[in-house]
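These are the residues of each chain, in order.
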Amino acid sequence: MRLVILGPPGSGKGTRAKIIGRIFGYPVVTTGAMLREAVAAGTEYGKIAEGYMKKGELVRDDVVIGIVEERLRKPDVEEGFILDGFPRSVNQARALDRILNKMGAILDVVMYVTAKPETILSRLSLRRSCPKCGAIYHLKDILPKVEGVCDECGSKLVQRDDDKEAIILHRLEVYEQQTFPILERYERLGKVREVSGELKIDEIPGEVERVLKGL
Ligand code: AP5
C-alpha cells in the first residue's frame, strides 16, 4: 500500500500515520520530522530548512524532494509506505509521480484529514513531542505516563518552535494557498478518501481499517 496523508497542520496526520503504520506494518515517512532531524544535525539540508521552518513557510521544493527521493530509494519501502506531510505543493506532487514511476509503483490512496480551526489551534498549542523518537502527546488528551517524559524512550518532551500562535496561523495560510490545491488533482484521479480529524484516538483504528479495506 502506498498512501499519502494530507490535511492542515494539527489535523492529526502524524498521529494517524503512526496508527496506520502499526496496523499495516509499512514505514511512515514524515517530512517534517526528517527536516527537524536535519536541522538538529546541522546538515546542509538542515541549514537551508531551518529559516523556512521557523517562519512556518514551506521548505524549498528541491530540498524536500531530494530528501524524500533519497528515503524512497531504501529497500524497506519497496512493498509500501505512508507519506505524512508530502507532497505539499504542485511541484512536489509532480515529483512524487516521477519517483513512483521510476519505482514502477502507483499511489493507492490519499487520506484527507479534516478538522475545525478551533480544534487545530488547541491541538497545536497543547502538543508536546519527543525530539528523539518523534512520539506525539497532547497536554489534555494524550498525556505521557510521567509528566514531561516520553513513554517510548524516556526523553524530555518539548514544544515545537513553530507551535506558537502567530506561526500556527501562518502555517494554516500556507496550507490553504499551496497545499490545498493539490487535493483537486488527486480528486480528479479518484484517489481521495476523506476522514474526520475530530475522532477520538481510540476510534481511529476502526475508521482506518474501514477506509483502507481492500488495499
Ligand atoms: P510538519 O511537521 O509536517 O507540520 P504540519 O503539517 O504543520 O503538521 P503537524 O505536524 O503540525 O500536525 P499533524 O497534522 O501531524 O498533527 P499531529 O498528529 O501532530 O511540518 C513542519 C514544517 O516542516 C512545515 O511548516 C514546513 O516548514 C516543513 N515541511 C514539512 N514537510 C514539508 C514539505 N513537504 N514541503 C515543504 N516544507 C515541509 O497532532 C497534533 C496534536 O493533536 C498532537 O498534540 C496530538 O497528540 C493531538 N491529536 C492528534 N489527533 C488527535 C485526536 N484524534 N484526539 C486528540 N488529540 C489528537
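Model, not experiment: these values are computed from the prediction. (Residues numbered from 1 in each chain as written. Predicted model: local features only at pLDDT ≥ 70, side-chain atom pairs only at ≥ 80, totals over all residues. Heavy atoms only, no water.)

K.L.:
Give me the site of the ligand: which residues, what numbers.
P.N.:
Near the ligand, the surroundings consist of 35 residues, among which Thr-15, Glu-57, Arg-88, Arg-127 and Arg-171 are the closest. Within the backbone of Gly-10, an N or O atom sits 2.9 Å from an oxygen atom of the ligand. In this structure, an oxygen atom belonging to the ligand sits 2.9 Å away from a main-chain N or O atom of Lys-13. Relative to its unbound accessible area of 1,000 Å², the ligand is 97% covered by the protein chains. (Near = heavy atom within 4 Å. Polar contact = N/O pair within 3.5 Å; in protein donor to acceptor, adjacent residues only side chain to side chain. Areas by Shrake-Rupley, 256 points an atom, 1.4 Å probe, with all protein chains shown as cover.)

K.L.:
Account for the sheet that holds strand S1 (residues 2-6), naming residues and giving values.
P.N.:
Strand pairing within a sheet occurs via backbone hydrogen bonds; the two strands may be parallel or antiparallel. As summarised here, the arrangement of the five strands in space is S2-S3-S1-S4-S7, forming an open sheet in which the pairing is parallel. Two strands in the sheet have a free side with no partner beyond their single neighbour: strand S2 (28-30) and strand S7 (192-196). Strand after strand, the sheet turns through a mean of 20 degrees between neighbouring axes, direction not considered. Where S1 meets strand S4 (residues 109-114), four bridges bridge the pair, whose relative direction is parallel. The residue bridging Leu-6 from the neighbouring strand is Tyr-112, located in S4. Each of S1, S4 and S7 is contacted by helix H9 (residues 204-212), which is oriented at about 165 degrees to S7, the strand it contacts most. (Pairing = 2+ DSSP bridges. Helix = DSSP H or I, 4+ residues; strand = E, 2+ residues; numbered from the N terminus. Axes fitted to C-alpha atoms, helices over the stretch in contact; angles between N-to-C directions. Contact = heavy atoms within 4.5 Å.)

K.L.:
Which residues make up helix H1 (residues 13-24), and what values do they have?
P.N.:
A rise of 1.5 Å per residue sets the reference length of H1, with its twelve residues, at 16 Å; its end C-alpha atoms lie 16 Å apart and thus fit the reference within 8%. The set of residues buried in H1 consists of Lys-13, Gly-14, Arg-16, Ala-17, Ile-19, Ile-20 and Gly-21. Looking one or two places after H1, you find Gly-25, whose phi comes out positive at around 80 degrees. (Expected span 1.5 Å × (residues − 1). Buried < 20%, exposed > 50% of the residue type's maximum accessible area, 1.4 Å probe, protein only.)

K.L.:
Describe the packing of helix H2 (residues 31-41) against helix H3 (residues 44-55), listing the residues and the values that go with them.
P.N.:
At a minimum axis distance of 8 Å, the contact between H2 and H3 shows a crossing angle of 115 degrees. With respect to the hand of their crossing, H2 and H3 are arranged in left-handed fashion. Counted together, Gly-32, Leu-35, Arg-36, Ala-38 and Val-39 of H2 and Gly-46, Ala-49, Glu-50 and Met-53 of H3 form the full contact between these two elements. By residue class, the composition of the contact of H2 with H3 is five nonpolar, two polar and two charged. (Left-handed = near helix turned anticlockwise from the far one by under 90°. Nonpolar A, V, L, I, M, F, W, Y, C, P; charged D, E, K, R; others polar.)

K.L.:
For unusual backbone geometry, give the residues involved together with the corresponding values.
P.N.:
For the bond from Phe-86 to Pro-87, the omega torsion is 0 degrees, close enough to zero to count as cis. Tracing the sequence through the fold places Pro-87 in the loop between strand S3 (81-84) and helix H5 (90-103).

K.L.:
Can you break down helix H6 (residues 117-125) residue by residue, with the values?
P.N.:
Turning to H6, its buried residues are Thr-119, Ile-120 and Leu-124. The buried residues of H6 occupy an angular sector of 115 degrees when projected down its axis, which confines them to one face. Those residues of H6 hidden inside the fold are in contact with strand S5 (127-129) and helix H7 (165-179). (Arc of directions from axis to C-beta.)

K.L.:
How would you summarise the side chain of Asp-162 if you had to cite specific residues and measurements?
P.N.:
Secondary-structure assignment places Asp-162 in the loop between strand S6 (136-138) and H7. Residue Asp-162 is classed as buried on the basis of its relative accessible area of 12%. Only 3.0 Å separates the side chain of Asp-162 from the side chain of Arg-160, close enough to count as a polar contact. Sequence-distant contacts of Asp-162, defined by excluding residues within four places in its chain, comprise Met-53, Ile-167, Ile-168 and Arg-171.

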